[in-house]
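Each chain is listed here by its residues.
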Amino acid sequence: MLIKVPSVANLGLETIKVDIEINLANKGLPGFEIVGLADKAVAESKERVRTAIISSEVDFPQKKITVNMAPADVPKEGSTYDLPIAVGILSSVLNFSIPEKSLFLGELSFDGSLRHTKGAFLMALFAKEFGFKNLFVPKDSANEAAAIKGIKVFPVESLTQIYQHLLGQKDIFPVVYKQVKENILDKAEFDMKEILGQEQAKRAMEIAAAGGHNLIMIGSPGSGKTMLARALPGILPPLNEDESLEVTKIFSASGDIPPGGSLVTRRQFRSPHHTASLVGLVGGGSKPHPGEISLAHRGVLFLDEFNEFPRSIMEAMRQPLEDGCLSISRAKQRVIYPADFMLIASANPCPCGYAMHPKKTCSCGPNQIAKYQKRISGPILDRIDLHIAVMPVDTEEFKGNQQNSEFLEASSKIKQRVILAREKQRVRFADEIIHSNSQMKNNQIKTYCKLTSDVEEILRQASLKFNLSARSYMKMIKVARTIADLDNSEEIAVNHMAEALQYKPRNTETA
Ligand SMILES: Nc1ncnc2c1ncn2[C@@H]1O[C@H](COP(=O)(O)OP(=O)(O)O)[C@@H](O)[C@H]1O
Ligand SMILES: [Mg+2]
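The rules behind the values
- Residues numbered from 1 in each chain as written.
- Chains lettered and ligands numbered in written order.
- Predicted model: local features only at pLDDT ≥ 70, side-chain atom pairs only at ≥ 80, totals over all residues.
- Helix = DSSP H or I, 4+ residues; strand = E, 2+ residues; numbered from the N terminus.
- Buried ≥ 20, exposed ≤ 12 C-beta atoms within 10 Å, placed from the backbone.
- Contact = placed C-beta atoms within 7 Å.
- Near = placed C-beta within 6 Å.
- Pairing = 2+ DSSP bridges.
- Domains from an automatic or database assignment.
- Axes fitted to C-alpha atoms, helices over the stretch in contact; angles between N-to-C directions.
- Left-handed = near helix turned anticlockwise from the far one by under 90°.
- Core = buried A, V, L, I, M, F, W, Y, C linked by C-beta atoms within 7 Å.
- Parallel < 35°, antiparallel > 145°, perpendicular 65-115°, else oblique.
- Expected span 1.5 Å × (residues − 1).

1. A short note on the overall build of the chain
Next, step 1: Broken down by element type, the chain carries 20 helices and 18 strands.
Next, step 2: Overall, the C-alpha framework of the chain stretches about 85 × 50 × 45 Å when taken along its three principal axes.
Next, step 3: Looking at the chain as a whole, 43% of its 511 residues are labelled buried.
Next, step 4: Here the analysis covers contacts within the chain between residues at least 6 apart in sequence; of these, 73% occur between residues at least 24 apart.

2. Some words on the site of ligand 1
Next, step 1: Close to ligand 1 lie 13 residues; Leu196, Gly224, Lys225, Thr226 and Met227 are nearest.
Next, step 2: It is helix α8 (residues 225–231) that contributes the most residues to the shell around ligand 1, three residues altogether.

3. Notes on the pairing of strand β18 (residues 386–390)
Within a regular strand, the side chains alternate between the two sheet faces.
Next, step 1: For β18, the buried fraction is high: four of the five residues fall into the buried class.
Next, step 2: Relative to β18, strand β10 (residues 215–219) is paired through five bridges, and the arrangement is parallel. Residue pairing for β18: Ile218 is matched across the bridge by Ala389.

4. Things to note about the domain arrangement of the chain
Next, step 1: Each domain of the chain was delimited in the assignment, giving domain 1 (2–166), domain 2 (184–425) and domain 3 (440–511).
Next, step 2: Relative placement of domain 2 and domain 3: their C-alpha centres are 22 Å apart.
Next, step 3: With 21 residues of domain 2 at the contact, the number on the domain 3 side is 17 residues.
Next, step 4: The element contributing the most residues to the side of domain 2 that touches domain 3 is helix α7 (residues 199–211), with six residues.

5. Overview of the environment of Glu432
Next, step 1: Among the secondary structure elements, Glu432 is positioned in the loop between α16 (411–428) and α17 (442–448).
Next, step 2: Judged by the 14 C-beta atoms lying within 10 Å of it, Glu432 falls in the partly exposed class.
Next, step 3: Remark: the alpha-carbon pair of Glu432 and Gln444, spanning twelve residues in sequence, is separated by 9.2 Å.

6. Some points on the sheet that holds strand β1 (residues 2–11)
Next, step 1: With respect to topology, four strands assemble into an open sheet ordered β1-β2-β4-β3, the strand pairing being mixed. Looking at strand neighbours, the two that pair on one side only are β1 and β3 (31–35), the edges of this open sheet. Adjacent strand axes in the sheet meet at a mean angle of 20°, parallel and antiparallel pairs treated alike.
Next, step 2: By the bridge criterion, seven bridges tie strand β2 (residues 14–25) to strand β4 (residues 64–70) in an arrangement that is antiparallel. Within β4, the position partnered with Asp19 by the bridge is Ala70.

7. A few points about the sheet that holds β18
Strand pairing in a sheet relies on backbone hydrogen bonds, with the paired strands running either antiparallel or parallel.
Next, step 1: The five strands lie next to each other as β11-β14-β17-β10-β18, forming an open sheet whose pairing is parallel. With partners counted over all chains shown, the strands left at the sheet margins are β11 (269–270) and β18, one partner each.
Next, step 2: Bridge count for β11 against strand β14 (residues 300–303) is two bridges, and the pairing is parallel. Its bridge partner lying in β14, Phe269 is registered against Val300.

8. Details of the packing of α16 against helix α19 (residues 470–486)
Next, step 1: As a packed pair, α16 and α19 sit with axes 8 Å apart at the nearest point and diverge in direction by 115°. Handedness of the α16/α19 crossing: right-handed. Residue-level contacts link Arg417, Ala421, Lys424 and Gln425 of α16 to Thr482, Asp485 and Leu486 of α19.

9. Remarks on the environment of Leu326
Next, step 1: Mapped onto the secondary structure, Leu326 falls in strand β15 (residues 325–329).
Next, step 2: Exposure remark for Leu326: the 23 C-beta atoms within 10 Å place this residue in the buried category.
Next, step 3: C-alpha separation for the pair Leu326 and Glu457, spaced 131 residues apart in sequence, amounts to 39 Å.
Next, step 4: Ignoring anything within four residues of it in the chain, the contact list for Leu326 reads Val282, Gly283, Ile293, Ser294, Pro320, Tyr337 and Ala339.

10. Quick word on the nonpolar core
Next, step 1: Ala86, Met123, Ala124, Leu135, Ala145 and Leu232 are the most contacted members of the largest nonpolar core, which totals 126 residues.
Next, step 2: Among the elements that line this core, the one with the most residues is helix α4 (residues 120–130), at eight residues.
Next, step 3: The residues contacting Leu232, other than those within four sequence positions of it, are Ala188, Met205, Ala209, Phe269, Val300 and Ile344.

11. Here we look at the packing of helix α2 (residues 45–55) against helix α3 (residues 82–94)
Next, step 1: Between α2 and α3, whose axes approach to 10 Å, the crossing angle comes to 50°. The pairing of α2 with α3 is recorded here as oblique in orientation. Remark: the crossing between α2 and α3 carries right-handed chirality. Facing α2, whose interface residues are Ser45, Arg48, Val49, Ala52 and Ile53, α3 presents Asp82, Ile85, Ala86, Ile89 and Leu90.

12. With respect to unusual backbone geometry
Next, step 1: Residue Pro71 follows Ala70 across a cis peptide bond; omega there is 0°.
Next, step 2: The residue Pro71 is located in the loop between β4 and α3 in this model.
Next, step 3: Phi at Lys101 takes a positive value of approximately 50°, unusual for a residue other than glycine.
Next, step 4: Along the chain, Lys101 falls in the loop between α3 and β5 (102–104).

13. Details of the environment of Arg417
Next, step 1: Within the fold, Arg417 resides in helix α16.
Next, step 2: For the pair Arg417 and Ala210, spaced 207 residues apart in sequence, the C-alpha separation works out to 7.9 Å.
Next, step 3: Those residues within four positions of Arg417 in sequence are excluded, and the remaining contacts are Glu206 and Leu486.

14. Brief notes about α3
Next, step 1: With 13 residues, α3 ought to run about 18 Å at 1.5 Å a step, and its terminal C-alpha atoms sit 18 Å apart, in line with that.
Next, step 2: Following α3 by one or two positions, Asn95 adopts a phi angle in the positive range, close to 65°.

Next up, the structure:
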C-alpha cells in the first residue's frame, strides 16, 4: 500500500514541494526506514513518529514501512516531516484519505503533541503561489502561516486531534490571523532627547537613517556612542508591506518567529557581541542558516567595539556589505539570504580609549594607536559613508542641559523628517532596483546628483585639501544628496555639500 503526503523543503528562502511516500508492505520483516537524502534529525523522526502514534492510542502497524522523500536529490533537514509521516501511517491504519491540495508540516513530541516548527510562513507563501488550499501545522506555528491570505491554516495540537478531524469525527477550525505586538525589546532604548549635547552625532544618525548610510563613531569610553546607536530605532521609518514580508521570510526560515507570532513589522536592531561566532554573525554553516546580518535585513546591524571583532568576521562581511545578500554554495545546493542592512559601528580611538579625550591622557604610543586603528579593515571602511568623532559631553554643560532636556528634539519629530526623505528616495528610485541614496552606484550618482559648479568647486577644494580618494568623493555626493532630501530640496546646495564634508573619513589612506 503506497500513500503520498505532500510537504515542503526550504533551501534558504526558496521552497520546493516534497512528497512523502510511505510504503507499508505486508511481506518482509516489520521495520521502519526513511530514505531520500534525509539528515540526522529526519532519521530520528522514526522514533518520534512511532512513539507519538503509540501515545495516541493507535496500534503501530507491524509491517515493513519505508518512507521515501522525493525528490531524493534535495537535502531535507530538521524535524518538520514528523507530521506528514505520521499522518501517512495513520491513514493506512485508520482508513482515511489524505485531503487534496493540502500540505503538512510539524515536529512531534513523544506524547503525540505538536511543537512550534520553523518555516510555516514560507510554506504558506508556497501554498498561495502553487494553489494549495489547506495547511496543517502545529498550533503555535499557525498564526505565522495565516498571515498569508486565501488559504486555510489548521492549527493542530496533537495527532489525536488531526486524525479525528480527517476521519470527520471532530473538526479543527482554521485560525483567524491576528497581528501580535512585537517584542518590546525591538523598541528604541533611548529617545534622542535624552542625549544631551552631541548635536553633530545626532544629526549624523538622522542622515544615516534617512539615506540608509553606514556610519562609524569613534570616541572615548563613556562618550555616549552606545547610547546614540540604541536611540536609532526610534527615528527609523516603519517597514513597508513588501519589506515586512521579506523580513518575515528570513525570520521564519531561521525559526526566530516566536510561538503564536505573526508578521515582523518593526525594523530590526541587532547588536551581536564581538565574541559571536562567524556563522552566527554572517550566516551559513553546514546546514545553511541566516546569520545576524540577515536578521538585520532592512534594519540596523550595530557592531559595538568594532575593532574587537575578529578579522575573519570583518572579511566575511565584505561581500554582503557590497551585494546586500549572502550567498552560500554547498555541494548540493546554493542558497541566498538577503542581508541589506545599515551598519552602525562604534570604536575606541586607541587601546586605552583616551586618545581623543579632551582631559584625560592617553597612555598609548603612536605605533600602538596606528595598529589598533588598522584592525578595522580598509575595504569595510570603504563601505561606510558617515564617519564621526564623538567627544564626551562636558559635565558642566551636562548639568546646565539637564534641566533643558525637554527642549531637545524628540525622536518622533526627527523620524518625521526621515520618513519624508525616504519617500523622496522611493519616488526617485521607482524604476531602479535600489531604494536608498546609500545604494547609488556611480552612474546613478551621475543621474540623480547633478552638482552646480559652486558645489563641485567646494568638493574639489576639499578633496585636494584633505586628500580624499575618488571613492570618498562619491560618498560625499551621496551624503549631500540625503542632506538635500532632508531639507526637501531637489538641488544639492552649497550648504548641503559643506555639511556632508563634516562626515568625511578621518583616515584618508584607508578610505
Ligand atoms: N550625551 C549624553 N547625554 C546623556 N547621557 C550620557 C551622554 N553621554 C553619556 N551618557 C551617559 O553615560 C552612559 C555611558 O555612555 P555609553 O553610550 O555607554 O558610552 P560609550 O558607548 O561611548 O562608552 C550612558 O548610558 C548615559 O547614561
Ligand atoms: Mg559603548
